[in-house]
Amino acid sequence: MAKSSKNEIKSMAKLAKQRLKSGFWEECQEHVSESVTKAKEEGENSSSVIRYYKSRVTRVIGGYNEESEAFYQKVKGILDAYGEVSDIIGRLCDLDYMKTLNFQQRERYLTDIASKYRECKERYDQEKKFEYSRRIS
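Residues numbered from 1 in each chain as written. Predicted model: local features only at pLDDT ≥ 70, side-chain atom pairs only at ≥ 80, totals over all residues. Heavy atoms only, no water.

Draft legend 1. Representation of helix α2 (residues 24–41). A rise of 1.5 Å per residue sets the reference length of α2, with its 18 residues, at 26 Å; its end C-alpha atoms lie 26 Å apart and thus fit the reference within 8%. For α2, the complete set of buried residues consists of F24, C28, H31, V32, S35, V36 and A39. Angular distribution of buried residues about the axis of α2 spans 130°; they occupy a single face of the element. Of the exposed residues in α2, the ones pointing more than 90 degrees away from its buried face are E26, Q29, K40 and E41. (Helix = DSSP H or I, 4+ residues; strand = E, 2+ residues; numbered from the N terminus. Expected span 1.5 Å × (residues − 1). Buried < 20%, exposed > 50% of the residue type's maximum accessible area, 1.4 Å probe, protein only. Arc of directions from axis to C-beta.)

The following block contains the structure:
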């Protein structure tokens, strides 16, 4: 096994141990239980709440991706400020970068932006729906 791979595994193990010691999992369970209870009271499907928290924990544990998180924050800012707008893709793309692309590259870039937006919009909707008062972090 390569030295960097060993270091990466040790780092991941250290983070897992910190989560155990800090009560991360107990806090997660508490959030899930509270949210499931609220969902049942409001007539919502509890399995969708569990799926939401599962994806949220996976993001927390999986590591922080600055680029995708920055994109999400940009989407979230637009949605919070203006709601759903018809020119969202235009607001999210880098116009200077697009000028350097040929037609096919531009189409691919816009398709990628649209795909990322759909994922962020789904995350945004889930957070608005299921995240009542606290956050897992």
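Continuing now.
Draft legend 2. Here's a closer look at helix α4 (residues 66–82). The terminal C-alpha atoms of α4, which comprises 17 residues, lie 24 Å apart, in line with the 24 Å expected from a rise of 1.5 Å per residue. Looking at α4, one finds that the buried residues are E69, F71, Y72, V75, I78 and L79. Residues of α4 that are buried sit in contact with α5 (88–92) and α7 (103–130). Directly beyond the C-terminal end of α4, a positive phi value near 75° is found at G83. (Contact = heavy atoms within 4.5 Å.)

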